[in-house]
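Residue-level listing of the chains:
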Amino acid sequence: WKADLGIAFDGDADRMIAVDETGQIITGDRILAICAGHAKENNQLKNNCVVSTVMSNIGLTRALDELGITHIRTGVGDRRVLAEMQQTGAVMGGEDSGHMIFLDDHTTGDGLLSALRLITVMAQTGRPLSDLAGVMQVYPQVLKNVEVDASRPDFMQVPEIASVIDEVTSNLGEKGRVFVRYSGTQPLLRVMVEGPDKEVTSTACDQICRVIQAHL
């Protein structure tokens, strides 16, 4: 069809992701970077900050840094994003899943509003979405779940686990990050690693998971 843009919503349409003219999927983190950069350029980004969760790709932080925008991370969940936005005065925030909040227009996630904000950037800049998406490099991310004791012990108090997390974090340096947390509903540890390429990232995540399995 040679469309400039594709838009997809979830069941209740509070989340939105896009597809550019080449067929590449553009998720929430990239859409936030695109919209935040455009807002700053037009003096519309109040308090010059964007809020997202700890699960956002490290590429979003790097993109916002390059744009001179403060990036604030909060816990997982749109309610936590909204609370942090209200506390800091931010007008833009969201999650990579496509749940985005534009507080100068609405107090909750709205997929239609998010789509209109993205289309507005495309219309005002005259740039294709694939070009706009270049504002952010998406770092390979691997997320694995490890079943653990239901008592949810403090895993960072286990020397072997703390050591391997520190080792992987040190090896990745500024080229990646490690985030390990308990599931809110199941006896699982969620191990998330981002890195410079898929192989390095997957290997690092497996390394941490093996040690957790051996000691929890």
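Everything quoted here is computed from the prediction, not taken from an experiment. (Residues numbered from 1 in each chain as written. Predicted model: local features only at pLDDT ≥ 70, side-chain atom pairs only at ≥ 80, totals over all residues. Heavy atoms only, no water.)

**Focus on the sheet that holds strand E8 (residues 141–147)**
Across the sheet, which stays open at both edges, the three strands sit in the order E8-E10-E9 with antiparallel pairing between neighbours. If you trace the sheet from one side to the other, it starts and ends with E8 and strand E9 (177–182), each paired once. Mean inter-strand twist for the sheet, computed between neighbouring axes without regard to direction, equals 15 degrees. Pairing analysis gives six bridges linking E9 to strand E10 (residues 188–194), with the strands arranged antiparallel. Across the sheet, the residue bridging to Val178 is Val193, located in E10. (Pairing = 2+ DSSP bridges. Helix = DSSP H or I, 4+ residues; strand = E, 2+ residues; numbered from the N terminus. Axes fitted to C-alpha atoms, helices over the stretch in contact; angles between N-to-C directions.)

**Here's the deal with the pairing of strand E2 (residues 16–19)**
Burial along E2 is one-sided: Met16 and Ala18 are buried, and none of Ile17 and Val19, which face the opposite way, are. Where strand E1 (residues 6–9) meets E2, four bridges bridge the pair, whose relative direction is antiparallel. When the bridges of E2 are listed, Phe9 appears paired with Met16. Summarising the sheet, E2 and strand E3 (residues 25–26) pair through two bridges and their orientation is antiparallel. Bridging across to E3, Ala18 finds its partner in Ile26. The antiparallel pairing of E2 with E3 creates a hairpin that spans five residues between the two strands, and Gly23 there sits at a positive phi of about 95 degrees. (Buried < 20%, exposed > 50% of the residue type's maximum accessible area, 1.4 Å probe, protein only.)

**Details of the nonpolar core**
In a soluble, globular protein the nonpolar side chains are often hidden away together inside. Ranked by internal contacts, the top residues of the largest apolar core, which has 29 residues, are Ala18, Ile31, Ile34, Met92 and Leu129. Element by element, the count of residues in this core is highest for helix H1 (residues 28–41), at seven residues. Look past the residues within four positions of Ile31 in its chain and what remains in contact with it is Met16, Ile17, Ala18, Ile26, Met100 and Leu118. Residues Val158, Ile165, Val211 and Ile212 belong to the second largest nonpolar core, which totals 22 residues. (Core = buried A, V, L, I, M, F, W, Y, C linked by side-chain atoms within 4.5 Å. Contact = heavy atoms within 4.5 Å.)

**Topic: the packing of aromatic side chains**
A full pass over the atoms with the stated rule returns one aromatic pair. Aromatic side chains Phe155 and Tyr182 sit 5.8 Å apart centroid to centroid with 65 degrees between the ring planes, which places their arrangement in the edge-to-face category. Here Phe155 is found in the loop between E8 and helix H6 (159–172), whereas its partner Tyr182 is found in strand E9, with 27 residues between them in sequence. Taken as a pair, Phe155 and Tyr182 share a single burial class, namely buried. (Phe/Tyr/Trp six-rings, centres within 6.5 Å; stacked < 30°, edge-to-face > 60°.)

**Here's the deal with the pattern of salt bridges**
For the coordinates displayed, the defined rule picks out seven salt bridges. We note a salt bridge from Asp10 to Arg15, for which the minimum N-O separation is 3.8 Å. Note that Glu95 and Arg15 form a salt bridge whose closest N and O atoms lie 3.8 Å from each other. Pair noted here: Glu95 is in the loop between strand E6 (92–94) and strand E7 (100–102) and Arg15 is in the loop between E1 and E2, with a separation of 80 residues, a long-range link. On the accessibility criterion, Glu95 (9% relative accessible area) is buried. Here the residues in one salt-bridge network are Asp10, Arg15 and Glu95, joined through shared partners. (Salt bridge = Lys/Arg side-chain N within 4 Å of Asp/Glu carboxyl O.)

**Focus: the sheet that holds E6**
Taken in spatial order, the four strands line up as E5-E4-E6-E7 in an open sheet, and their pairing is mixed. Each end of this open sheet is capped by a strand with a single partner; those strands are strand E5 (70–74) and E7. Each adjacent strand pair in this sheet contributes to an overall mean axis angle of 20 degrees, direction not counted. Against the sheet, helix H2 (residues 58–67) engages strand E4 (49–53) and E5, with an angle of about 155 degrees to E5.

**Let's talk about a nonpolar patch on the surface**
On the surface, Ile7, Phe9 and Leu112 cluster together into a nonpolar patch covering about 260 Å² of accessible area. By the secondary structure assignment, Phe9 is in strand E1. Taking relative accessible area as the criterion, Phe9 reaches 36% and is therefore assigned partly exposed. (Patch = residues over 30% accessible without salt bridge, like charges linked within 9 Å, V, L, I, M, F, W, Y side chains within 5 Å. Areas by Shrake-Rupley, 256 points an atom, 1.4 Å probe, with all protein chains shown as cover.)

**Comments concerning the environment of Thr107**
As for its placement among the helices and strands, Thr107 is situated in the loop between E7 and helix H4 (111–125). With 21 residues separating them in the primary sequence, Thr107 and Gln86 have C-alpha atoms 9.6 Å apart.

**Looking at H1**
Taking 1.5 Å of rise per residue, 14 residues should cover 20 Å, and H1 covers 20 Å from first to last C-alpha, within 8% of that figure. Buried within H1 we find Gly28, Asp29, Arg30, Ile31, Leu32, Ala33, Ile34, Cys35, Ala36, Gly37, His38 and Ala39. Backbone geometry just downstream of H1 places Asn43 in the positive-phi region, at approximately 55 degrees. (Expected span 1.5 Å × (residues − 1).)

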